[in-house]
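Reading the structure
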Amino acid sequence: MRPIWGRIAVAATAAVTFVCIGLYYCIGAGVDDPFMTYWSALQLAQGKGLVNYNYVPCETSSSLLHVVCLAICYKVLSIDMYVIGKFFGVAVGVVCFIVGASASKSLEMAAYYCLLLLANLSFMYWCFGGLETSLAALTFLLYCLAVVKALETKKVWFAPTLIGCLVMLARPEGFIVICTSGVLLCAILLFLGKRPTVQMTVHFLLLSCAFVTLGLARMAAFGNFWPTPVLAKAQLSVSTVCSGWDYLSTFVRNQWFLTANAFFLLLFLYDFVKRVAIARIFDPVYAVLLSVIVSWVCFVVFAGGDWMAHGRFFAPIMPLLAFTLARATTIVTCARSSLFRVGCILCALMLPVVCYGMLDGRFGIRNPALWNIGSVEELMMLNGAQRRDLMRLMPYIRDQFLRDLSDAEGAPVVLSGQAGFFPYMLRTLHPSKRFVFLDTYGLVEPELARLEGPRTGFGLKHNGGLVGVLKGRSGNVSRYVLRQGKPAIVYWLHKVRQQFIEEVKRLGYEVTWLREPDTVVFRLNRRQQSAVPPGKALLRGGTIGMRCSAPARAAKPGLPKDAPLHSSSQAEQAPPGSR
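What you are looking at is a predicted structure, and each value in this text was computed from that prediction instead of being measured. (Residues numbered from 1 in each chain as written. Predicted model: local features only at pLDDT ≥ 70, side-chain atom pairs only at ≥ 80, totals over all residues. Heavy atoms only, no water.)

Together, Leu 44, Val 68, Ile 72, Val 76, Leu 77 and Ile 79 give the surface a local cluster of nonpolar side chains, amounting to about 510 Å² of exposed area. The element best represented in the nonpolar patch is helix H3 (residues 64-77), accounting for four residues. You can see Ile 79 is positioned in the loop between H3 and helix H4 (81-103). (Patch = residues over 30% accessible without salt bridge, like charges linked within 9 Å, V, L, I, M, F, W, Y side chains within 5 Å. Areas by Shrake-Rupley, 256 points an atom, 1.4 Å probe, with all protein chains shown as cover. Salt bridge = Lys/Arg side-chain N within 4 Å of Asp/Glu carboxyl O. Helix = DSSP H or I, 4+ residues; strand = E, 2+ residues; numbered from the N terminus.)

As structure tokens, then:
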């Protein structure tokens, strides 16, 4: 093996190229979801614990590890949480280049691994997307490398067990993938006439105990075995989640780097069959990487998901796939260097191809470069509102929202299907304003997430959409929402049609903010507001808040006039949103 510094130099060069291309093309990548994580991290960093937008204990992010990492960065850096979240993912993506290249057996393998990963649009896009995707990719890569090392050295499996726990914290399905890959790994060993070692058995037993302990801790703290977004989407019933076959076929069709390296993929399959099936040689690298990759693909196909653009659910295994192909290619072509040169040329050609695809809009990316963005607020709008309403919603959140609630008593209900950017900005810009936020999908509201009813890949299913919820047609969802009192503010971020606006108006609402084609905010008209009884409780098992009249507020000594009322017996002032 050559000195490691050459491989690190290759990784550093690829990482710099990765960051530069991403800053130019992918700076606005991502969707609304990261803001749920940012809110949890912000409150955790400020000592308020894991709470939702109503300050009720709730795990609003699917990745506890991501929340903790962002909270630590916020405590150290004290800058805007969104900026931390955006560039934390990029930094972790850079680490994936360094780790994979350092673990390569040769300089050629490190170069090919970096080229494959650099030419992968899915990995680049979601590293800049603000989600936990790059963190999950890094933990999976570290876990596989640790297991390979344990199999090769036959030492204690302490490192794989520790990293396996991090995998479970990074993604809720991490334990399922680890167990499935463990079964496949044991099957390969038995096929070759070997038996799993005692250390391997203890490793999986310890991870099982850690998984159960984590679930019980969640039950004690939040009342759920799974994070609230997972509970809202699946509720332990895979049949209620979107199918993943379309996601898999779309991913394969859009992965140009796989298409360009199809020849080397065939070489890899040939080498794997020759080693395992014919020569019956146990290669721990092949066995571990293939077990995890196959387990992850099967999970995605079986379970499906919510938002699958740019191969989001497959991005976590891209470093594993790149490492596997790079290793197979360098092994197969070690005696035929011309093949390796052809492979490197093909892979290098992927960079301008991918860049052209982005520039031409073939991948749906039409975001300005970082140096064309004038403020953090503009950058947040690119990501938070799914790049569809740049600077259309912020004026409402900053000014009009306060005017709409100026006559409302107690804690009015704000209803929306967007549980990320919209409530995040409302809380951070107006930390002392009292209101109760409900999302129609149940992603950040535990009581909604626990309701019986059909699910979709986005959360709870609505019969008749938002209008159906307000009319009482959506079963348990409608009953829960309307039990809190008629929403004072309703935000809609989808295609705006005049028929939809008229239907909502007939329910007693008026348009207070309209930015076509896909942003509209409704306000309960004054006559309807006066008809809502001011003392109605907002039930949430206990309460998530209370619509109180002025005398009721005065009866609570020590509470400021605009302080939110909690469900607990110790009413506190709402914690500030951000610095």
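Next, the rest of the story.
Counting 132 residues, the largest nonpolar core has Phe 18 and Phe 128 as its most contacted members. Every residue in contact with Phe 128, bar those within four places of it in the chain, is listed here: Phe 18, Val 19, Gly 22, Leu 23, Cys 26, Ile 27, Ala 29, Lys 86 and Val 90. Counting residues in hydrophobic clusters, the runner-up holds 24 residues, among them Val 413, Leu 415, Val 481 and Tyr 509. (Core = buried A, V, L, I, M, F, W, Y, C linked by side-chain atoms within 4.5 Å. Buried < 20%, exposed > 50% of the residue type's maximum accessible area, 1.4 Å probe, protein only. Contact = heavy atoms within 4.5 Å.)

Glancing now at the pairing of strand S6 (residues 509-515). For S6 and strand S7 (residues 519-524), the ladder comprises six bridges, and the chain directions are antiparallel. Paired with Glu 510 across the two strands is Arg 523, which belongs to S7. (Pairing = 2+ DSSP bridges.)

In spatial order, the strands read S2-S1-S5-S7-S6; together these five strands make up an open sheet with mixed pairing. Edge positions in the sheet fall to strand S2 (436-439) and S6, since each has one partner strand and no second. Here the average twist between neighbouring strands, direction ignored, is 20 degrees. Sheet strands touched by helix H20 (residues 421-429): strand S1 (413-416), S2 and strand S5 (489-492). Its angle to S1, the strand with the most contacts, is close to 150 degrees. (Axes fitted to C-alpha atoms, helices over the stretch in contact; angles between N-to-C directions.)

What follows concerns the pattern of salt bridges. Inspection of every chain in the model, using the stated rule, returns six salt bridges. A salt bridge links Glu 59 to Arg 218; the nearest nitrogen and oxygen atoms lie 2.7 Å apart. Of this pair, Glu 59 sits in the loop between helix H2 (34-45) and H3 while Arg 218 sits in helix H10 (residues 198-222), and the two are 159 residues apart along the sequence. For Glu 59, a relative accessible area of 4% gives the class buried. In this structure Arg 218 comes out as buried when scored by relative accessible area, which is 7%. Across the pair Glu 173 and Arg 171 runs a salt bridge, and its minimum N-O distance is 2.9 Å. With respect to burial, Glu 173 and Arg 171 carry one shared label: buried. In the salt-bridge network here, residues are joined through shared partners; they are Glu 132, Arg 171 and Glu 173.

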